[in-house]
Amino acid sequence: MASDVASHISVGSLSAIFDDSKIAEREPVVQCVQIKPLPPQPNGQERYRAVFSDISNYVQTMLATQANHFVTNGILRKGCFVRLKSFQANAVKGKKILIILDLEVLTELGECEKIGEPKPLESKPEEDEKTQPTTISTNGFYGTKPQNTHAQGSIRPGHARPPSSTSAHATIYPIEAISPYSHKWTIKARCTSKSSIKTWHNSNSEGKLFSVNLLDDSGEIRATGFNEQCDMLYDLFQEGSVYYISSPCRVQIAKKQFSNLSNDYELTFEKDTIVEKAEDQHDVPQIRFNFTSIGDLQSVEKDTTIDVIGVLKDVGEITQITSKTTNKPYDKRELTLVDNTGFSVRLTVWGSTATNFNVMPESVVAFKGVKVSDFGGRSLSLLSSGTMTVDPDIEEAHKLKGWYDAQGRSDTFTSHASMSSALTTGNGRLDQYKTIAQIREEQLGMSQDADFFSLKATIIYIKQDNVSYPACPSQGCNKKVTELDPGQWRCERCDKTYPRPEYRYIMLINVSDHTGQLWLSCFDEVGRLVMGTTADHFMEIRAEDEKAAGEIFQEANCRMWNFRCKAKTDHFGDQQRVRYQVSSAKPIGYSEEASRLADLIRSYSIE
C-alpha cells in the first residue's frame, strides 16, 4: 500500500516552498503524519495544527479557521494524503511554519502509516551562521532543536560532572514518537508527578526506585530510576519543572498496574542517561487531562484508570482502614463529586492527601489517575501516582463553574451507588426503559454526550463470524494477542509470550421488541450470559464440532433479556453512526416485570 501511494507524493516540495532557489510546486501532495488541537484560545475559536511529510522532510502547519471543518468532519486524519491548494509560508521566531488556507483530502489514496523516515526541515546554510538550526518549534510534534542556551542543573548519571548543554545538539522528539525502535533521541518534558523513594527486599534482591510522569505537547510517559539512578536523579527532578532527557534510556512496554498514563511504553533511566533542567520553562504544557464525565462512568470497565472533573459537593471525615494483606492502617477520606450530566460519584483519597485535604466545597476539582471500582455501584479511588488540581484554569473547569452557579447548586443528582438497584425499580435516570422505537425517535446517542437506557428485548440473531478474539491470559490485561508460531501467542502490552490465549466475546446481536429491531454490541461478561458458556469453551467446541457450535447459537436465540445499554455516536471514515453497547444484562424476572408494568399502567390518568 505504502509503495503504491508514495509515487503520488511531491517529494522535496516542502523544502522548495521555503527556498527561493528552488521551483515550488503549485499544489503539492503530502501525507498527514500528525494532527492535534491547539490549547483553548481566549476567543473560544478552535484551532488545529498538523504535521505534513513529503517523505524527504516534515513541517508543522497551522490550519486556518476556514479549514477547521476538515478536522471536525473527520475527513483529515493521521495517515491520509492531502493536496495543499492554498497556503502561506511563514517564519515564526526563526521557525518554519505553513498556514494552510485550503486543502483537498485525497480519499482515493486511502490511509497508511508514515511513509519513509522524513527529516526535519532544516534552516538554509546562510541562516546557520546566525542561529542554531531549528525546525518547527520547541514544542513541535516531530522534532526540533532547542536554541543553544545554557541548561541548568544537568546530570549525567555515572559521570563526575555534567557535560555542556548536549541537548542543544540533539533532535527533540515528541513523547508519543518514542518506542523501543527509537534511537538517539531527546525529549523536552515537564515533570508532572514524582513519587517518593520506594524500597524492596526479597530473597533474590533488594533496592530502591522512584518514578516520574513526563509531559509534552504530544503526550505523557512514565520514567523510573533504580538504585544508582535513584540516588543521582531524585533530587534533580521537581514537580512542575521542565527537563531535557536524552538517550540512552531503556524503552519498554508499560506496566499498567503501576501507572495512570495511557502510553503503551515507559522509560527506565540508565547510567548514561542525560537529564538537564531546561532554561525555558514555559513552552511545555502544565498538565494534560482526558476526562470521563461522571454520567459515563457506568459504561467504564472496572479497574480502568481515568481522569475526572467535577464540583466538590461534599467532603467526608477522615476514617481509617487496615489492609488485609499488610495489616497496615491507611487514612482515607470520601468526597462527593457532581457534574452537569446530573450524576454524583463517591471518590476516595488516601494517606497524606486525605489528612491534608482542605479544599472548600463547591470548588471545581480535576483528578488525574483515578481507578474505577464497582464496589456499591460505580465509585472512584485516587491512585498514589494520581494528582489533584483545584480550580484549574481550563475550559472544562470554567464551564462546570458557570453551570453550577447558574443551576447546578439547586439540582438533584443520581448517585452511581444506587445504580445497581435502578434496573428493577426504574427510578434511576440511567435506566429508564425505552422501546426500540423510542430509542430511534428520541435520537439517543446523537448528542455530544452518551445516552443510557434499559431495553427489554428478544435476541433474534447473533452474528456468528468474529464472535470472539484471542486475548492475553494475564489478569486485567485482555489485550488481543498474536500467534507467532504454534503454541506461541505474543502480547505486546505485557511483553510476554503465552502457550495459548484466553478467548473473550465481542458479539454483535440483533434484538427485537414489538416496535422494531436494533443491533447491540456485547463484550465478554454479557456474552457468557447469552451463550451460556465461556468464549474459551465455545471455541473448543467450534474447533471440534461446527454443528454443536451452531446448536449453542440456536439455543441463545429467541431468549428475552433486560439489557442496560449505552448509546454513543462513533465515526467510521466519513460516516458517523450510533453504536449501542450493552453494559450488563439479566434474565426477565417475571414478578419484578409484572410489578413494573402495573406501576406503568397506574401512571396513566384515566378519566
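Look up: the structure comes first, before these words.
Please read these numbers as outputs of a predicted model, since none were measured by experiment.

J.: What is the right way to look at a nonpolar patch on the surface in this model?
T.: On the surface, a cluster of nonpolar side chains totalling about 250 Å² of accessible area is made up of Ile321, Tyr330 and Trp350. With respect to the helices and strands, the residue tryptophan 350 is situated in strand S18 (residues 343-350).

J.: Quick question: what am I supposed to make of the nonpolar core here?
T.: General note: in soluble globular proteins, nonpolar side chains tend to be found buried as a group. Counting 41 residues, the largest nonpolar core has Val511, Leu520 and Phe563 as the members making the most contacts within it. If one sorts the elements of this core by residue count, strand S22 (residues 451-462) sits on top with five residues. The contacts of leucine 520, once residues within four sequence positions are left out, are Leu455, Met507, Leu508, Ile509, Val511, Phe563, Cys565, Tyr580 and Val582.

J.: Would you take a moment to explain a negative patch on the surface for this structure?
T.: A contiguous patch of negative charge, built from Glu540, Glu544, Asp545 and Glu551, is present on the exposed surface. Relative to the helices and strands, glutamate 551 resides in helix H12 (residues 546-556).

J.: Teacher, can you tell me more about H12 here?
T.: Spacing of three or four residues puts side chains on the same side of an α-helix, whose turn is 3.6 residues. Buried residues of H12: Ala549, Ile552, Phe553 and Ala556, and no others. Within H12, the buried residues cover an arc of 100° as seen down the axis, which keeps them to one side. Exposed residues lying more than 90 degrees from the buried face of H12 are Lys547, Gln554 and Glu555. At its buried positions, H12 is contacted by S22, helix H10 (524-531) and helix H11 (535-544).

J.: Hey, could you run me through unusual backbone geometry in this one?
T.: Among all residues save glycine, negative phi is the norm, and among peptide bonds the norm is trans. Between serine 247 and the following residue, proline 248, the backbone shows a cis peptide bond with an omega angle of 15°. Along the chain, proline 248 falls in the loop between strand S12 (242-246) and strand S13 (249-253). One non-glycine residue, asparagine 478, adopts positive backbone phi at about 70°.

J.: Can you walk me through the packing of aromatic side chains in this structure?
T.: By convention here, two paired aromatic rings are described through the distance between centres and the angle between planes. Evaluation of the coordinates by the stated rule reveals eleven aromatic pairs. Their ring planes at 55° and their centres at 4.8 Å tell us that phenylalanine 237 and tyrosine 243 sit as a pair that is tilted. Take phenylalanine 237 and tyrosine 243: they sit in the same class, and that class is buried. Pairing phenylalanine 538 with phenylalanine 553 gives two aromatic rings, centres 5.2 Å apart and planes at 80°, and the pair type is edge-to-face. Highlighted residues: phenylalanine 538 in helix H11 and phenylalanine 553 in helix H12, separated in sequence by 15 residues. Summarising the burial analysis for this pair, phenylalanine 538 and phenylalanine 553 share the class buried. Through successive ring pairs, a cluster of aromatic residues spans Phe210, Tyr234, Phe237, Tyr243 and Phe269. For lysine 194, the ring lying beneath its charged end belongs to tyrosine 234, and the centroid distance is 3.9 Å.

J.: What should I look at first to understand the pairing of strand S9 (residues 198-201) in this one?
T.: Walk down a regular strand and you will see the side chains alternate between the two sheet faces. By the bridge criterion, four bridges tie S9 to strand S10 (residues 206-215) in an arrangement that is antiparallel. Pairing of threonine 199 across the sheet is with lysine 208, part of S10. Hairpin connection from S9 to S10: four residues lie between these consecutive antiparallel strands.

J.: Where do I start with the pattern of salt bridges in this structure?
T.: Once their charged atoms are close, side chains differing in charge can pair, the charge on each being opposite to the other. The final tally for this structure, using the stated rule, is 19 salt bridges. In this structure, the salt-bridge partner of arginine 77 is glutamate 111, at a minimum N-O distance of 2.1 Å. Note that arginine 77 is positioned in the loop between helix H3 (69-72) and strand S4 (81-92) and glutamate 111 in the loop between strand S5 (95-105) and strand S6 (119-120), a separation of 34 residues in sequence. Judged by its relative accessible area of 27%, arginine 77 falls in the partly exposed class. Residue glutamate 111 is classed as partly exposed on the basis of its relative accessible area of 37%. A salt bridge links glutamate 334 to lysine 332, with the shortest nitrogen-to-oxygen separation between them at 3.6 Å.

J.: How should I be thinking about the sheet that holds strand S24 (residues 482-485) in this particular structure?
T.: Pairing is antiparallel in the open sheet, where three strands are placed in the order S24-S25-S26. The open sheet has two free edges, formed respectively by S24 and strand S26 (496-498), since each of these has just one partner strand. Neighbour-to-neighbour, the strand axes of the sheet open up by a mean angle of 40°, direction not taken into account. With three bridges connecting them, strand S25 (residues 488-491) and S26 associate as antiparallel partners. Looking at the pairing, arginine 490 lines up with threonine 497 of S26.

J.: Looking at this model, I keep getting lost on helix H7 (residues 395-406). Mind explaining?
T.: Under the 1.5 Å per step criterion, the end-to-end length of H7 is 17 Å for twelve residues, consistent within 8% with the ideal 16 Å. Those residues of H7 lying buried are Ala397, Leu400, Trp403 and Tyr404. Looking straight down H7, one finds its buried side chains confined to an arc of 130°; they lie on one side. Residues of H7 that are exposed and point over 90 degrees away from its buried face: Lys399 and Ala406.

Here is what the cut-offs are and how they apply
Residues numbered from 1 in each chain as written. Predicted model: local features only at pLDDT ≥ 70, side-chain atom pairs only at ≥ 80, totals over all residues. Heavy atoms only, no water. Patch = residues over 30% accessible without salt bridge, like charges linked within 9 Å, V, L, I, M, F, W, Y side chains within 5 Å. Areas by Shrake-Rupley, 256 points an atom, 1.4 Å probe, with all protein chains shown as cover. Salt bridge = Lys/Arg side-chain N within 4 Å of Asp/Glu carboxyl O. Helix = DSSP H or I, 4+ residues; strand = E, 2+ residues; numbered from the N terminus. Core = buried A, V, L, I, M, F, W, Y, C linked by side-chain atoms within 4.5 Å. Buried < 20%, exposed > 50% of the residue type's maximum accessible area, 1.4 Å probe, protein only. Contact = heavy atoms within 4.5 Å. Lys, Arg positive; Asp, Glu negative; His and termini not counted. Charge placed at Lys NZ, Arg CZ, Asp CG, Glu CD. Arc of directions from axis to C-beta. Phe/Tyr/Trp six-rings, centres within 6.5 Å; stacked < 30°, edge-to-face > 60°. Lys NZ or Arg CZ within 6 Å of the ring centre and 35° of its normal. Pairing = 2+ DSSP bridges. Axes fitted to C-alpha atoms, helices over the stretch in contact; angles between N-to-C directions. Expected span 1.5 Å × (residues − 1).

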